[in-house]
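# Structure at a glance
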Amino acid sequence: MSKPTAIKDAIKKWEDKHPGEDIGEALDIGFQFQWPPIEKMDNSLSVLTKCKKLSLSTNMIEKIAGVSALKNLKILSLSRNYIKNFSGLEGVADTLEELWISYNLIEKIKGIGVLKKLKVLYIGNNMVKEWGKYVEHCSKANKPQY
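Treat the numbers as computed from the prediction; the structure is a model and nothing was measured.

This part covers unusual backbone geometry. The amide bond that connects Trp35 to the next residue, Pro36, takes the cis arrangement and shows omega of -10 degrees. With phi around 55 degrees, Phe33 is a residue other than glycine that occupies positive phi space. Mapped onto the secondary structure, Phe33 falls in the loop between β1 (28-30) and β2 (53-55). Despite not being glycine, Asn125 has its phi angle at roughly 60 degrees, a positive value. Topologically, Asn125 is positioned in the loop between β5 (120-122) and α2 (132-141).

Looking now at the environment of Ser77. Assignment of secondary structure puts Ser77 in strand β3 (residues 75-77). Take Ser77: its relative accessible area is 11%, and that puts it in the buried class. Here the alpha-carbon distance between Ser77 and Leu54, two residues 23 residues apart in the chain, equals 6.2 Å. Residues contacting Ser77, with those up to four places away along its chain left out, are Leu54, Ser55, Leu56, Ser57 and Trp100.

So, how was this worked out
- Residues numbered from 1 in each chain as written.
- Predicted model: local features only at pLDDT ≥ 70, side-chain atom pairs only at ≥ 80, totals over all residues.
- Heavy atoms only, no water.
- Helix = DSSP H or I, 4+ residues; strand = E, 2+ residues; numbered from the N terminus.
- Buried < 20%, exposed > 50% of the residue type's maximum accessible area, 1.4 Å probe, protein only.
- Contact = heavy atoms within 4.5 Å.

Okay, here's the thing in structure tokens:
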């Protein structure tokens, strides 16, 4: 099997498809459906300084990482990966409004509460058994859509 696509390689592919554009200025970036798939998020994402919407859907990512520098990020799409928990999102806790994370391996909602501005959470087709106090808290605070 081929070695996985690294984030820096996905950035290079994006730049090749968008000649003359600066990826640091782009607002909407899609790294979904990479072949070979991306397996790891890393600090290479820090060049996406103005990005408001980032899609890494349909890859083979196991852990959320490298998003702390994305101070303008409002929408993050990580659906159809192998993510097991929400750790790694702390760096975007003050800006993230939508998290699309369906079709992963999440069992517990623990850690999602750090996302202070979250309004939309697409989390279907995971392995969550207990929703606990999170739904109660969000329903009062943000009126999210599930």
